[in-house]
Amino acid sequence: MIVETKIVGRRTPFERRPTPLPDGPQTLRSLLGHLVHQELAAYHARQESVGLLRVLTQQDLSDGAAVGRISVAPQERSGTVTPEDATQTALTAFGDGLYYVFVDDEQIENLDQPLVLRADSTLLLLRLTALAGG
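Residues numbered from 1 in each chain as written. Predicted model: local features only at pLDDT ≥ 70, side-chain atom pairs only at ≥ 80, totals over all residues. Heavy atoms only, no water.

## Brief notes about unusual backbone geometry
Phi at Asp-104 takes a positive value of approximately 50°, unusual for a residue other than glycine. As for its placement among the helices and strands, Asp-104 is situated in the loop between strand E4 (99-103) and strand E5 (106-108). Phi angles above zero are rare outside glycine, and Asp-105 is one such case at about 70°. Checked against the element boundaries, Asp-105 lands in the loop between E4 and E5. (Helix = DSSP H or I, 4+ residues; strand = E, 2+ residues; numbered from the N terminus.)

So, in structure tokens, the structure goes:
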């Protein structure tokens, strides 16, 4: 499955990356939980890989310039986040309308709606931003 992320109102391109399909039947609720667990594990791996000396390569500078942020090292940890808390935050944000989810160009509006996912499915997470000046 391909996961795409986009923030509405920003000029940054879609981020696209392949992600293994979760096992078994899926709902949006279980799929979001699966993705949150993966992202949290990747975050912890990045935090652990930071050495004493971090040197930016030309590729690091180019990648950072492309997204508008050059970072020398991960930010200081402010506390421990459990997968359950992170999943609940993602589910609450979906319920509050902070992002939309599309599977193969079909908007998913119900957390408990059954999903049909294939290896070539595309999941789009479209984060909304508030307009300034209201």
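## Overview of the pairing of strand E7 (residues 122-127)
Where strand E1 (residues 2-7) meets E7, six bridges bridge the pair, whose relative direction is parallel. Residue Thr-5 lies in a different strand from E7, and its bridge partner there is Leu-125. In this sheet, E7 lies alongside E4 in antiparallel orientation, the contact comprising five bridges. Across the sheet, residue Phe-102 finds its bridge partner in E7, namely Leu-124. (Pairing = 2+ DSSP bridges.)

## A few points about the environment of Leu-40
Tracing the chain through its elements places Leu-40 in helix H1 (residues 28-48). On the accessibility criterion, Leu-40 (14% relative accessible area) is buried. Expressed as a C-alpha distance, the spacing of Leu-40 and Thr-87, which sit 47 residues apart in the sequence, is 9.8 Å. Not counting the four nearest positions on each side in its chain, Leu-40 is found in contact with Val-81, Thr-82, Pro-83 and Ala-86. (Buried < 20%, exposed > 50% of the residue type's maximum accessible area, 1.4 Å probe, protein only. Contact = heavy atoms within 4.5 Å.)

## Some words on H1
A rise of 1.5 Å per residue sets the reference length of H1, with its 21 residues, at 30 Å; its end C-alpha atoms lie 30 Å apart and thus fit the reference within 8%. Buried within H1 are the following residues: Leu-28, Leu-31, Leu-32, Gly-33, Leu-35, Val-36, Leu-40 and Gln-47. (Expected span 1.5 Å × (residues − 1).)

## Overview of the pattern of salt bridges
This structure, assessed with the given rule, holds six salt bridges. For Glu-15, the salt bridge goes to Arg-17, with nearest N and O atoms at 3.0 Å. A residue is classified by how much of its surface remains accessible, and Arg-17, at 32% relative accessible area, is partly exposed. Among the salt bridges present, the one from Asp-112 reaches Arg-29, with a minimum N-O distance of 2.9 Å. Here Asp-112, found in the loop between E5 and strand E6 (114-115), pairs with Arg-29, found in helix H1; they are 83 residues apart in sequence, far enough to count as distant. Residues participating in the shared-partner salt-bridge network are Glu-15, Arg-17 and Glu-39. (Salt bridge = Lys/Arg side-chain N within 4 Å of Asp/Glu carboxyl O.)

## Some words on the nonpolar core
Counting residues in hydrophobic clusters, the biggest one holds 22 residues, and the most contacted among them are Leu-28, Tyr-99 and Leu-123. When residues of this core are traced back to their parent elements, those giving at least two are H1, helix H3 (83-95), E4 and E7. Apart from residues no more than four positions distant in its own chain, Leu-123 is found in contact with Met-1, Ile-2, Val-3, Glu-4, Leu-31, Leu-35, Val-101, Phe-102 and Val-103. (Core = buried A, V, L, I, M, F, W, Y, C linked by side-chain atoms within 4.5 Å.)

## Remarks on the packing of H1 against H3
The axes of two packed helices give the description: the angle between them and the distance between them. Between H1 and H3, the shortest axis-to-axis distance is 9 Å and the interhelical angle comes to 130°. One way to sum up the angle between H1 and H3 is to call them oblique. In terms of crossing hand, the pair formed by H1 and H3 is right-handed. Between H1, through Leu-28, Arg-29, Leu-32, Gly-33, Val-36, His-37 and Leu-40, and H3, the contact on the second element is made entirely by Pro-83, Ala-86, Thr-87, Ala-90, Leu-91 and Phe-94. In terms of residue class, the contact of H1 with H3 is made up of nine nonpolar, three polar and one charged. (Axes fitted to C-alpha atoms, helices over the stretch in contact; angles between N-to-C directions. Parallel < 35°, antiparallel > 145°, perpendicular 65-115°, else oblique. Left-handed = near helix turned anticlockwise from the far one by under 90°. Nonpolar A, V, L, I, M, F, W, Y, C, P; charged D, E, K, R; others polar.)

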